[in-house]
Amino acid sequence: RGARAGESDLAGRHVVVSAGGTREPLDPVRYLGNRSSGKQGYALARTAAARGARVTLLAANTGLPDPAGVDVVRVGTAVQLREAALKAAADADVVVMAAAVADFRPLTYATGKIKKKDGEEPAPITLVRNPDVLAELSADRPRPGQLVVGFAAETDDVLANGRAKLARKGCDLLVVNEVGERRTFGAEENEAVILATDGTETPVPHGPKDALADRIWDEVSHRLAPPTA
Ligand code: CTP
Ligand code: CA
């Protein structure tokens, strides 16, 4: 194993990758969003295609050009991402949730633009929980042997939080990276530790997002069951 140029270890596999960040609308012109650029998810899609996989990329608000040879499904909200992910996962060998999914959405959507009124304080925004797509995909696998990979961006106690999250989510691998004001968001490079349920921890040094993507596919590739004829 290990990524070699021209290696086709994912040939015959269908992989689903989510990328970007969901946006939860408040009114026709405003949303709650996050700072995920989508670059790491696109790197995963590109490298999987280069290794021979059929790739479905669920792109949440990325504005990045479609990678060549990849099926791109555009989604906006967490609820839309869940629907697209469940559909694409039905015949997938691997699902990687690299998208930043909003944990909460506004309870109500104003069909007209919210206006301020003289002398009035703004109304509070009530939030409700969004579905946890990764936990749901991990719990209900439509195919035996399907692998599910999550991501976690943490600011403190990165590894301890990562291990707890891996157990809580029920996925097979969790890619943990440390974030902060200067780190990861929008950057071309990333560093991470890949945690697995079998206890292995694979540190990936600071480098291009494509290199991290290839290391993730290495970890996935040797855990996949032999292809069925
Ligand atoms: N995720 C998801 N659905 C959600 C929230 C998160 O599928 N509603 C996925 C993300 O795509 C990512 C993983 O779960 O792969 C971890 O996301 P993270 O925000 O780190 O986890 P949370 O459980 O939301 O924990 P936290 O309270 O730290 O935000
Ligand atoms: Ca979260």
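Source: prediction; values computed, not measured.

Asks: Hey, could you run me through helix H5 (residues 209-221) in this one?
Replies: Residue pairs spaced three or four apart in an α-helix point in one direction, given the helix's 3.6 residues per turn. The terminal C-alpha atoms of H5 lie 18 Å apart, and with 13 residues this matches the ideal 18 Å at 1.5 Å per residue to within 8%. In terms of burial, H5 is largely enclosed, as 11 of its 13 residues are buried. For H5, the complete set of buried residues consists of Lys209, Asp210, Leu212, Ala213, Asp214, Arg215, Ile216, Trp217, Glu219, Val220 and Ser221. Those residues of H5 that are buried lie in contact with helix H1 (39-50), strand E6 (94-97), strand E9 (147-154), strand E10 (173-178), strand E11 (189-196) and strand E12 (201-208).

Asks: Which parts of the structure should I look at to understand the environment of Val73?
Replies: For Val73, the location among the structural elements is in strand E5 (residues 71-75). Leaving out residues up to four positions away in the same chain, Val73 has contacts with Thr56, Leu58, Ala59, Ala84 and Ala88.

Asks: I'm lost on the UniProt feature "binding site: CTP" (unreviewed entry) in the chain in this one. Help?
Replies: In this numbering, the UniProt entry assigns the feature "binding site: CTP" (unreviewed entry) to Asp103, Lys113, Pro131, Asp132, Val133, Leu134, Phe151, Lys165 and Lys169. Across 67 residues in sequence, these annotated residues place their C-alpha atoms as far as 37.8 Å from one another, rather than forming a single compact spot. Along the chain, the position of Asp132 falls in the loop between strand E8 (127-129) and helix H3 (133-139). Its place among the elements puts Phe151 in strand E9. Apart from residues lying up to four places away in sequence, Phe151 is in contact with Met97, Ala98 and Val175.

Asks: Looking at this structure, I do not really get the sheet that holds E6. What am I missing?
Replies: Two modes of strand pairing occur in sheets, parallel and antiparallel, and in both the strands are linked by backbone hydrogen bonds. The mixed open sheet is built from 8 strands, whose spatial order is E5-E4-E1-E6-E9-E10-E11-E12. Only two strands of the sheet have a single partner each, and these edge strands are E5 and E12. Sheet twist, expressed as the average angle between the axes of neighbouring strands with direction ignored, equals 20 degrees. Judged from the 6 bridges that link them, E9 and E10 form a sheet pairing that is parallel.

Asks: How do you make sense of unusual backbone geometry when you look at a structure like this?
Replies: For residues that are not glycine, phi is negative in most cases, and the peptide bond is trans in most cases. In this structure, Asn61 takes a positive phi of about 55 degrees despite not being glycine. The topology assignment puts Asn61 in the loop between strand E4 (54-60) and E5. Phi is positive for Asp157, close to 45 degrees, though the residue is something other than glycine. Relative to the helices and strands, Asp157 is located in the loop between E9 and helix H4 (158-169).

Asks: I'm lost on the environment of Arg30 in this one. Help?
Replies: Mapped onto the elements of the fold, Arg30 is located in strand E3 (residues 30-32). Distance in space between the C-alpha atoms of Arg30 and Ala110 is 9.9 Å, their sequence separation being 80 residues.

Asks: Would you take a moment to explain the pairing of E10 for this structure?
Replies: Side chains on a regular strand alternate between the two faces of the sheet. Each parallel crossover has a hand, and for E9 linked through H4 to E10 it is right-handed. Relative to E11, E10 is paired through 4 bridges, and the arrangement is antiparallel. Paired with Val175 across the two strands is Ile194, which belongs to E11.

Asks: Hey, could you run me through the confidence of the model for the chain in this one?
Replies: Low-pLDDT portions of the prediction should not be read for the details of their coordinates. Scored by pLDDT, the chain has a mean of 94; 95% of the residues are at 70 or more. Across the interface, the model reports ipTM at 0.99; the global pTM reads 0.95.

Asks: I tried to follow the site of ligand 1 on my own but got confused; where do I start?
Replies: Lining the immediate surroundings of ligand 1 are 14 residues, of which Met97, Val101, Val133, Leu134 and Gly150 lie closest. If you list the elements that add at least two residues to the shell around ligand 1, you get H3 and E9. Taken together, the residues of the shell around ligand 1 sort by class into 9 nonpolar, 2 polar and 3 charged.

Cut-offs applied
- Once a new chain begins, its residue numbering starts again from 1 and follows that chain's sequence as written.
- All chains are assigned letters beginning at A, and all ligands numbers beginning at 1, according to the order in which they are written.
- Owing to the predicted nature of the model, reporting of local features is limited to residues with pLDDT of at least 70; listing and counting of side-chain atom pairs is limited to 80 or more, with chain, interface and lining totals taken over all residues.
- Numbering of helices and strands starts at the N terminus; helices are DSSP runs of H or I of at least 4 residues and strands are runs of E of at least 2.
- Expected span, for any helix, means 1.5 Å times one less than how many residues it has.
- Any residue surrounded by 20 or more other C-beta atoms within 10 Å of its C-beta is treated as buried, while 12 or fewer makes it exposed and the intermediate range makes it partly exposed; C-beta atoms here are placed from the backbone.
- A pair of residues counts as a contact when their C-beta atoms, built from backbone coordinates, are separated by no more than 7 Å.
- UniProt positions are given in the numbering used here, feature names are shortened, and annotations may be inferred rather than shown by experiment.
- Each pair of strands is called paired provided DSSP finds at least two bridges between the two strands.
- Note on geometry: axes are C-alpha line fits, over the in-contact stretch for helices, and angles between N-to-C directions span 0 to 180 degrees.
- Viewed with both strands pointing away, a crossover whose connecting path from the first strand over the helix to the second turns clockwise is right-handed.
- You can read pLDDT as the predictor saying how much it trusts each residue, on a scale of 0 to 100.
- We call a residue near a molecule or strand if the C-beta atom, set from the backbone, is within 6 Å of it.
- All residues other than Ala, Val, Leu, Ile, Met, Phe, Trp, Tyr, Cys, Pro, Asp, Glu, Lys and Arg, Gly among them, are scored as polar; the first ten of these are nonpolar and the last four charged.

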